[in-house]
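The primary structure of each chain is shown beneath.
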Amino acid sequence: MSRDILFMLYPESVKTDGKYRYCPDCAQIAGYLNFYPTVERALDIRFVAPPRPRPEIIALLGEANQGAPVLVLNADSPNVPGIVCKETNGQRFIDDPKDILAYLGQTHPTGGLPL
């Protein structure tokens with residue numbers, strides 16, 4: 001069975017405009033996965049570089065949907081009520097960080113709903 005693919009930006013800071021920057025959404029998801037390692041092991045996690053274009057995401061979701069983080073669902077993954085799931089190129093995906101976390105919490109037994 002194939003796994004859902006989670007694309008995130010590399011955790012290293014990137015220097016732009018003379019300042020170091022990181023992706024707060026990716027950091028939050030990484031923290032969740034660190035807290036729930038069984039969820040992390042259930043995913044195919046792929047890191048991409050911050051500057052666009054991001055060819056690996058484009059190949060699945062098209063140029064308009066190359067943002068990260070993004071969770072690309074496999075064909076067998078369930079729909080979860082209340083989670084905004086988009087579709088393009090025959091691929092379902094979730095690109096809102098809060099929805100990604102809610103989806104992971106509802107589809108993996110170690111997660112759950114936030115308090």
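These numbers come from a predicted model, not from an experiment. Along every chain, residues carry numbers that run from 1 in the direction the sequence is written. Given that the model is predicted, a residue must reach a pLDDT of at least 70 before its local features are reported, and side-chain atom pairs must reach 80 or more before they are shown or counted; all residues, however, enter totals for whole chains, interfaces and linings. As a rule here, side-chain values come from all non-hydrogen atoms in the structure, and water together with hydrogens is ignored.

1. Section: helix H4 (residues 97-107)
Reasoning step 1: Only protein chains enter the accessibility calculation, which uses a 1.4 Å probe. A residue is then buried if its area is under 20% of the maximum for its type, exposed if over 50%, and partly exposed in between. Helix and strand definitions here come from DSSP, where helices need a minimum of 4 consecutive H or I residues and strands a minimum of 2 consecutive E residues; each element is numbered from the N-terminal end. In terms of burial, H4 is largely enclosed, as eight of its eleven residues are buried.
Reasoning step 2: Every buried residue of H4 is listed here: Pro97, Asp99, Ile100, Leu101, Ala102, Tyr103, Leu104 and Gly105.
Reasoning step 3: The contact definition used throughout considers only heavy atoms, calling two residues in contact when any of these lie within 4.5 Å. Structurally, H4 contributes buried residues whose contacts are with strand S1 (5-9), helix H1 (24-35), helix H2 (37-42), strand S5 (70-73) and strand S7 (91-94).
Reasoning step 4: Among the residues of H4, the N-terminal cap falls to Asp96, whose side-chain oxygen and the backbone nitrogen of Lys98 are separated by 3.0 Å. In protein, a polar contact requires one atom able to donate a hydrogen and another able to accept it; more generally it is a pair of N or O atoms within 3.5 Å, and residues adjacent in sequence count only if both atoms are side-chain atoms.

2. What to know about the sheet that holds S7
Reasoning step 1: In spatial order, the strands read S4-S1-S5-S7-S6; together these five strands make up an open sheet with mixed pairing. A single partner strand is all that each edge strand has here, and the edge strands are strand S4 (44-48) and strand S6 (86-88). Each neighbouring strand pair of the sheet contributes to a mean axis angle of 30°, computed without reference to strand direction.
Reasoning step 2: The criterion for strand pairing is that DSSP finds at least two bridges linking the strands in question. Bridge count between S1 and S5: three bridges; the pairing is antiparallel. Opposite Ile5, over in S5, you have Val72 as the bridge partner.
Reasoning step 3: H4 rests against S1, S5 and S7 of the sheet, and its axis sits at about 45° to S5. Each axis is a line fitted through C-alpha atoms, taken for helices only over the stretch in contact, and angles between the N-to-C directions span 0 to 180 degrees.

3. Concerning the side chain of Asn74
Reasoning step 1: Mapping Asn74 onto the fold places it in the loop between S5 and S6.
Reasoning step 2: Within polar-contact distance, the side chain of Asn74 engages the backbone nitrogen of Asp76 at 2.7 Å.
Reasoning step 3: Only 3.1 Å separates the side chain of Asn74 from the backbone nitrogen of Ser77, close enough to count as a polar contact.

4. Thoughts on the side chain of Gln66
Reasoning step 1: In this structure, Gln66 sits in the loop between helix H3 (55-61) and S5.
Reasoning step 2: For Gln66, the side chain forms a polar contact with the main-chain oxygen of Glu63, separated by 3.1 Å.
Reasoning step 3: What Gln66 contacts, discounting residues up to four positions off in sequence, is Arg52, Pro53, Arg54, Ile57 and Ile58.

5. What about the nonpolar core?
Reasoning step 1: Core analysis: the largest hydrophobic core is formed by 29 residues, its most contacted members being Leu6, Leu33, Leu71 and Leu104.
Reasoning step 2: Of all the elements in the fold, those that place two or more residues in this core are S1, H1, H3, S5, S7 and H4.
Reasoning step 3: In contact with Leu6, other than residues within four places in its own chain, are Ile29, Leu33, Leu43, Asp44, Ile45, Arg46, Val70, Leu71 and Ile100. We define a nonpolar core as any set of buried Ala, Val, Leu, Ile, Met, Phe, Trp, Tyr and Cys residues linked to one another through side-chain atoms lying within 4.5 Å.

6. Here we look at the packing of H1 against H4
Reasoning step 1: For the pair H1 and H4, the least separation of the axes is 10 Å and the interaxial angle reads 15°. The angle between H1 and H4 places the two elements in the roughly parallel class. Where H1 crosses over H4, the two elements pack in a sense that is right-handed. For the pair H1 and H4, contact is made by Asp25, Gln28, Ile29, Tyr32 and Leu33 and by Pro97, Ile100, Leu101, Leu104 and Gly105, respectively.
Reasoning step 2: Residues of the contact of H1 with H4, tallied by class, amount to seven nonpolar, two polar and one charged. Any angle from 65 to 115 degrees is called roughly perpendicular, while one under 35 is roughly parallel, one over 145 is roughly antiparallel, and all others are oblique. Here a crossing is called left-handed whenever its near helix is offset anticlockwise from the far helix by less than a right angle, and right-handed whenever the offset is clockwise. Three categories are distinguished: nonpolar for Ala, Val, Leu, Ile, Met, Phe, Trp, Tyr, Cys and Pro, charged for Asp, Glu, Lys and Arg, and polar for the others, with Gly belonging to the last.

Spatial relationships are all this shows, so hold off on functional conclusions.
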